[in-house]
Amino acid sequence: MIKIWKTTLKLRMIGIFLAILVFGALLTFKAFYLQVLKGGHLRELANTQFHAEIFFMPERGNIYSSNGSLLATSINVPGIAVDPMMITDKYKTAAKLSGILHINFKKVVTILNRNLQFTWIKKRVSENSVKKIKGLNIEGIRIVEQPVRYYPNKTLLAHVLGFVGINDNGLSGIEYKYNRYLKGSRRALNILHDGLGQDIFIKGFGLTKETHGDNIYLTINKQLQYVTQYYLDKEAKAAHSRGAFAILMDPNTGAILAMADYPPFNPNRYWSYKARYWRNRAVTDDFEPGSAMKPFVVSAALSEGLIKPATKINCHHGLYTLNGVTIHDVVNSFGDFTVNQIVEYSSNIGECQIGMRFKKSELFHWFNLWGFGHIPHGGLPGEADGIIRPLNKWSKIAPCETAFGQGISITGLQEAVGLSALANGGYLMKPYIIKKIVNPYGKMVYRAKPTVIRRIISKKVDNEIKYMMRLVVKGGTGQYSKLVDFRVSGKTGTGQIADPKTGKYYISKYTASFIAFVPYRHPRLAMIVVQQKPKKISYYGGAVSAPVVREVFKRTLNILNISPGKRAYEAQINAVIKPSGNKNGSSGGSGNTGAASAIEDVSYKKMFIDIHKNIMPDLKGDTIYMALDMLAPYDLRIKVKGTGFLYNQSIKPVSKIKKKETVVLRFRPL
């Protein structure tokens, strides 16, 4: 009996052992299956369930003016994201979100049905929308803040700065050209969830400085930019111009101090403007310069020994035929003129004959020396190279036409660079708008320095051409640019516009320009202003573009604390009181073939007439000192409010002033 019991017990133990052995084998096989055979797949599922990668845009680098004023930055703007796996009632949630965010219902439903744990619904939403969505109290909806580009000065320098798209990529301007510096490096944040899908730990939360973009400092002076843009906009509106642009440069370094375009646009809402508003016309648009080309050709002729300043040329009283083509002057009283007078009164016929003294290959070579036909490489996107016809396509009279700016197209930046060479002693400087690039830690990535491309004309020739351009402002076609206390040198230009379909010039469409530098002997500023298709006031550069130069020079010289010499000051005071008249009783003009009327002769005597009549002057943009100085001759009670530059005067310009009347002048910083 005992023996049977022992045998039974032994069998049971063997059975249990075998059962444990089989179970262990099955367990081992299952573990092997799960951890080895299916391990990779299961780990992937676990990561999907408990981990999430959210890609955030790093902080984009700022853009500053030359003195550190903020021009472009990034601000945090809330966006709406969801975890679709946590949304229970997807249709009900989609209906609420589409209503608040104004997004198509079907689109929201599609997003909510994605097999993801993080996806965007809308990246930029208002604070009011955020408040409403928070009030829904729906599990799985997340409010995430991301940096969005912001331009605090709105339209100021908009065409140069450009703008940034919704994916933080620059789409135009500096933002586009230097996107790789500004954007930084995109990184993901690793988020861990618990079993309920709630965030329990965020690895590396907050982006480090290494991911942030570099900061860019421009050569642009914010105050000078404000003044330039203000007066360009004002004159372009008055002239009903299709477009306009202005460039202010330091002729001695090639640094661009201001660059303004018209019409303006706000880069904070770039999508609400037509694409033509975004274009930086100063570098993209080419145009026939008209008579503004004359100083460049005359300086070349002086350098080649083809003429001297006193060389006399017959201007044929306004009508001259060459190889069957008739050349016109605006004024028909031009007889024998010296080269100085040809530039001063802008005679096309005289300039044509100077051009014809060149061989075609010589003049073509000089255009290339000045940089016409070549991209200036000033650091801006879209820089054009202008149009100079190949030498084998030049007609017999091409040197004549191109000498007064027809049959050749240049860009504003090319013209500004050439003008700077006339101002600085003959050195063609490489233009630049980027002053320096600095990384987030303050380490210098890039620093610009003035670069001489080549010397074009000698000091002697340069002094001769400066004097001719001085005559243009003193008594010629550029009198609208006169300043009381500084001597300005300039040149007017009125270029005809060709019909692209027929190749013939329009009868009434022109480009009106003015180029100038100041002070006369040792220039510190060089400026060009170009008005495209002006419809009112005039189509002459001396009438619609020179006044912009005058107003900008007047204020920027004060801002930069540049003082005139005593002799220059006394000479200008005398010029105002006793303005010099034109030879032959004419005012001259900047004209083209087929031009019909003369530019109006205007002197600064009007300023004294206005005082005598007690007419209120326009003081907008003046400093306190300048405004008080202008009002000194009037019998007024003056109240000053604020500091900086005048933006409002209680007595409107051109209004009649009563004796002892009170005028309130309001100033604010730029």
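Residues numbered from 1 in each chain as written. Predicted model: local features only at pLDDT ≥ 70, side-chain atom pairs only at ≥ 80, totals over all residues. Heavy atoms only, no water.

Trainee: I'd like a rundown of the pattern of salt bridges, residues and numbers included.
Mentor: Within this structure, the stated rule accounts for eight salt bridges. Of the charged contacts, one joins R149 and E175 as a salt bridge, the two residues approaching to 2.7 Å between their closest N and O atoms. In this pair, R149 is assigned in strand β5 (residues 141–150) and E175 in helix α7 (residues 173–177), connecting sequence segments 26 residues apart. Each of the two residues, R149 as well as E175, counts as buried. Between R555 and E551 there is a salt bridge, and its shortest N-O distance comes to 2.5 Å. One end of the pair is R555 and the other is E551, both in helix α19 (residues 546–559) and four residues apart, which spans about a single turn. E551 carries the same exposure label as R555, and that label is buried. (Salt bridge = Lys/Arg side-chain N within 4 Å of Asp/Glu carboxyl O. Helix = DSSP H or I, 4+ residues; strand = E, 2+ residues; numbered from the N terminus. Buried < 20%, exposed > 50% of the residue type's maximum accessible area, 1.4 Å probe, protein only.)

Trainee: Could you give me a rundown of the packing of helix α11 (residues 294–304) against helix α14 (residues 360–369), with the residues and numbers involved?
Mentor: Axis separation between α11 and α14 bottoms out at 11 Å; the angle between their running directions is 120°. Between α11 and α14, the angle is such that the two are oblique. Seen along the crossing, α11 lies across α14 with a hand that is right-handed. When α11 is examined against α14, the residues V297, A300, S303 and E304 are found in contact with a partner set consisting of L363, W366 and F367. Residue composition of the contact of α11 with α14, grouped by class: five nonpolar, one polar and one charged. (Axes fitted to C-alpha atoms, helices over the stretch in contact; angles between N-to-C directions. Parallel < 35°, antiparallel > 145°, perpendicular 65-115°, else oblique. Left-handed = near helix turned anticlockwise from the far one by under 90°. Contact = heavy atoms within 4.5 Å. Nonpolar A, V, L, I, M, F, W, Y, C, P; charged D, E, K, R; others polar.)

Trainee: Lay out the sheet that holds strand β26 (residues 636–641) in plain terms, naming residues and giving numbers.
Mentor: Strand order in this open sheet of three strands is β26-β28-β27, and the pairing throughout is mixed. Of all strands in the sheet, those bounded by a partner on one side alone are β26 and β27 (645–649). Taking each pair of neighbouring strands and ignoring which way they run, the sheet shows an average axis angle of 35°. In this structure, β27 lies alongside strand β28 (residues 661–668), joined through four bridges in antiparallel fashion. Along β28, the bridge assignment pairs F645 with R668. (Pairing = 2+ DSSP bridges.)

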